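Analysis of the macromolecular model
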Amino acid sequence: VLLITFNNEVTIYGKEHQIICGDRLYNRESLKSFIFDKFDWNDIPSIDESHLKLKELVQGLEENGATALGPALSCAVDLCSMQCGNSEIIL
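Just so we're clear, the structure is a prediction, and the values are computed from it rather than from any experiment.

Once that is clear, we can look at the nonpolar core. If you look at the biggest cluster of nonpolar residues, it comprises 18 residues, and the most contacted ones within it are Val10, Ile12, Ile20, Ile35, Phe39 and Leu79. Counting only elements with at least two residues in this core, the list comes to strand E1 (2-6), strand E2 (10-13), helix H1 (28-38) and helix H3 (69-82). Broken down by element, this core gets its largest block of residues, 5 residues, from H3. Those residues in contact with Ile35 that lie beyond four places of it in its chain are Ile12, Ile20, Cys75, Asp78, Leu79 and Met82.

For the rest of this paragraph, the subject is the environment of Asn27. When you line up the elements, Asn27 lands in the loop between strand E3 (17-20) and H1. The exposure class of Asn27 is partly exposed, given its relative accessible area of 38%. Along the chain, Asn27 and Pro71 lie 44 residues apart, while their C-alpha atoms are 8.8 Å from each other.

Reading guide: rules and limits
Residues numbered from 1 in each chain as written. Predicted model: local features only at pLDDT ≥ 70, side-chain atom pairs only at ≥ 80, totals over all residues. Heavy atoms only, no water. Core = buried A, V, L, I, M, F, W, Y, C linked by side-chain atoms within 4.5 Å. Buried < 20%, exposed > 50% of the residue type's maximum accessible area, 1.4 Å probe, protein only. Helix = DSSP H or I, 4+ residues; strand = E, 2+ residues; numbered from the N terminus. Contact = heavy atoms within 4.5 Å.

Below you can see the structure in the form of structure tokens.
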């Protein structure tokens, strides 16, 4: 399971977190390349492995800065296109 948050940057939480910021947010191919380079569904933790960490992250979310909703959705679509099995993406 992954958690994707966004403000002036996009952060994707899994075993570790990846931050996407700057000019990459405005370049679709750069976003796609980042996703395919950094993520492998075989390494993404299951809900059993990550639910406590994700619950803590969600409870700690605060509104902050501008919004990068478009790039966050783009990342989610690319991650879904890589999906195999019964994993989920939380957005």
